[in-house]
Amino acid sequence: MVVRDLANIQGFSQQCISDEPFEISDAYTGDLLSDVMGNAPSDSVLITIQAHKNTVAVASLAQIRALVICNNRSIPPDMLQAAKEEEIAIFTTEDTQFEASCKIASALGRFDAGQN
Amino acid sequence: MQVKIDLHNHSCLSPCGSDDLTPALLAVEAMEQGIQILALTDHNCGRNLPTFAEACELCSILPLFGMEITTVEEVHVLTLFKDLGNAMEFAAFVEFLLPKRKNNPKLFGNQLVVNLEGELIEQVDKLLISSSNLSFSDVVEEALSRDALVIPAHIDRFANSVLANLGFLPDLPYSALEAIHVPVDADTRGLAVLTGSDAHSLDQVGRRSCYLEMPSITYESLKTSLKPEFVSYRHA
């Protein structure tokens, strides 16, 4: 799937998106940015509640292409600005990280996600 | 006497700190605002503290040599030393514990070590806003054992705070707490709640200074005056 496909997931609201059709091949769920920085795969979408500018910097470093900000947290303007500059898409949702992760696993066809 | 204090400030060494916020300009701006006790608390690094010491001496400000440490839980904790040498030793230890990840100045900002004139001495390679891998309780215990003041930073912030990240305030012997807004909507365990500017640019210096009633402007006097009844947020 590509980043734009995330906009079709029910309950996801697009806040910004790059014109580039970046491929999304994996996902990572986490709120501890030091862990995200070390372990998130590239070309992925990050499911988190960390709605601040540092998340964009970490995403850029890890080549994460999109952020899904859960629990209805709002996006501060400096975060949105940074995401536009780094061409990282942001979606917001009322879903918890678990619910958002399940929806993304389904969209990625990762029905084996729990089976190693 | 009522003393104006500000115990949370960054310099151009912190990647998120503005490049023109040199230790000297921080001290001069604080002096102009009547701040009498000032701390420099860069993220996980103390390399601008020697310049800060010189600047505070010139400005007749009592310096506290600090750091804002990122614990393994990504909680920010202020550690403040009276003695520059002790602060540098602890700072070297914390910096050593950071992961060997290089800073990307374009993403995070520059990490500049400067002299009193603001001239570049070196740029720090390691990303200073990583996590030190020390636990919250280890930071508190380790810093207290080195006779530092230990103050959990901006406990009412939505990220990087003890209340946001741990969900509660562990029962540990903190010197005080720091909040952005007072009063804090949480049990502060009878501790003094200070406000600090957390300045990342020159215009933010002094934005949240507070006042402490204390007998004299010394470190010892500060330490014994960190009690709720002595803190105020406006000039008397």
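Residues numbered from 1 in each chain as written. Chains lettered and ligands numbered in written order. Predicted model: local features only at pLDDT ≥ 70, side-chain atom pairs only at ≥ 80, totals over all residues. Heavy atoms only, no water.

- Labelled according to an unreviewed UniProt entry, chain B appears under the name Polymerase/histidinol phosphatase N-terminal domain-containing protein, originating from bioreactor metagenome.

- Under an unreviewed UniProt entry, the name given to chain A is DRTGG domain-containing protein, and the source organism is bioreactor metagenome.

1. Thoughts on the UniProt feature "domain: Polymerase/histidinol phosphatase N-terminal" (unreviewed entry) in chain B
Here is step 1 of the chain: Mapped onto the present numbering, the UniProt feature "domain: Polymerase/histidinol phosphatase N-terminal" (unreviewed entry) falls on residues 5–73 of chain B.
Here is step 2 of the chain: Annotated as residues 5–73 of chain B, this span is 30% helix and 26% strand, and its ends, taken at the C-alpha atoms, are 28 Å apart. (UniProt positions renumbered as here; feature names shortened; annotations may be inferred. Helix = DSSP H or I, 4+ residues; strand = E, 2+ residues; numbered from the N terminus.)

2. Looking at the interface of chain B and chain A
Here is step 1 of the chain: Taken together, the contact between chain B and chain A spans 13 residues of the former and 17 residues of the latter.
Here is step 2 of the chain: Between chain B and chain A lies a buried interface of about 1,100 Å² when both sides are counted; carbon and sulfur atoms form 59% of it.
Here is step 3 of the chain: Between chain B and chain A we count one salt bridge in total.
Here is step 4 of the chain: Between A:Glu86 and B:Lys106 there is a salt bridge, with the nearest N and O atoms lying 3.4 Å from each other.
Here is step 5 of the chain: Our enumeration of links across chain B and chain A arrives at three residue pairs in polar contact (both at pLDDT 80 or more).
Here is step 6 of the chain: Here the residues of the side of chain B that touches chain A are counted per class, giving seven nonpolar, two polar and four charged. (Contact = heavy atoms within 4.5 Å. Buried area = accessible area lost by both parts, 1.4 Å probe. Salt bridge = Lys/Arg side-chain N within 4 Å of Asp/Glu carboxyl O. Polar contact = N/O pair within 3.5 Å; in protein donor to acceptor, adjacent residues only side chain to side chain. Nonpolar A, V, L, I, M, F, W, Y, C, P; charged D, E, K, R; others polar.)

3. Structural notes on the environment of A:Val58
Here is step 1 of the chain: Structurally, A:Val58 is set in helix H2 (residues 53–61).
Here is step 2 of the chain: As a C-alpha pair, A:Val58 and A:Gly38 span 20 residues in sequence and 9.6 Å in three-dimensional space.
Here is step 3 of the chain: Apart from residues no more than four positions distant in its own chain, A:Val58 is found in contact with A:Leu33, A:Val36, A:Met37 and B:Phe108.

4. Notes on the pairing of strand E5 (residues 89–92) of chain A
All names here are of chain A.
Here is step 1 of the chain: Where burial is concerned, the two faces of E5 agree: the one with Ala89 and Phe91 and the one with Ile90 and Thr92 are both buried.
Here is step 2 of the chain: Strand direction decides the pairing type here: strand E4 (residues 64–69) and E5, joined by four bridges, are parallel. Bridging across to E5, Val68 finds its partner in Phe91.
Here is step 3 of the chain: Viewed along the sheet, the connection from E4 through helix H3 (residues 77–85) into E5 turns out right-handed. (Buried < 20%, exposed > 50% of the residue type's maximum accessible area, 1.4 Å probe, protein only. Pairing = 2+ DSSP bridges. Right-handed = clockwise from strand over helix to strand, strands pointing away.)

5. Remarks on unusual backbone geometry
Here is step 1 of the chain: Note that the residue after B:Val182, namely B:Pro183, is joined by a cis bond; omega there is -5 degrees.
Here is step 2 of the chain: With respect to the secondary-structure elements, B:Pro183 resides in the loop between strand E8 (177–179) and strand E9 (193–195).
Here is step 3 of the chain: Even without glycine at this site, A:Asn71 takes up a positive phi of about 60 degrees.
Here is step 4 of the chain: If you trace the backbone, A:Asn71 turns up in the loop between E4 and H3.
Here is step 5 of the chain: Owing to a relative accessible area of 38%, A:Asn71 belongs among the partly exposed residues under this scheme.
Here is step 6 of the chain: Residues other than glycine seldom take positive phi values, yet B:Arg189 does so here, at roughly 55 degrees.
Here is step 7 of the chain: Mapped onto the fold, B:Arg189 is located in the loop between E8 and E9.

6. Quick notes on empty space enclosed by the protein
All names here are of chain B.
Here is step 1 of the chain: By the definition in use, this model includes one cavity of 30 Å³ or more.
Here is step 2 of the chain: Space inside the largest cavity adds up to approximately 40 Å³.
Here is step 3 of the chain: What lines the largest cavity is simply Ile5, Leu7, His8, Leu78, Ile151, Glu178, Leu194, Thr195, Gly196 and Cys210.
Here is step 4 of the chain: Residues of the lining of the largest cavity, tallied by class, amount to six nonpolar, three polar and one charged. (1 Å grid on protein atoms, 1.4 Å probe; cavity = no way out; pocket = protein on both sides within 12 Å on 5 of 7 lines; lining within 4 Å. Points joined across faces, edges and corners; volume = space filled by probe spheres on them.)

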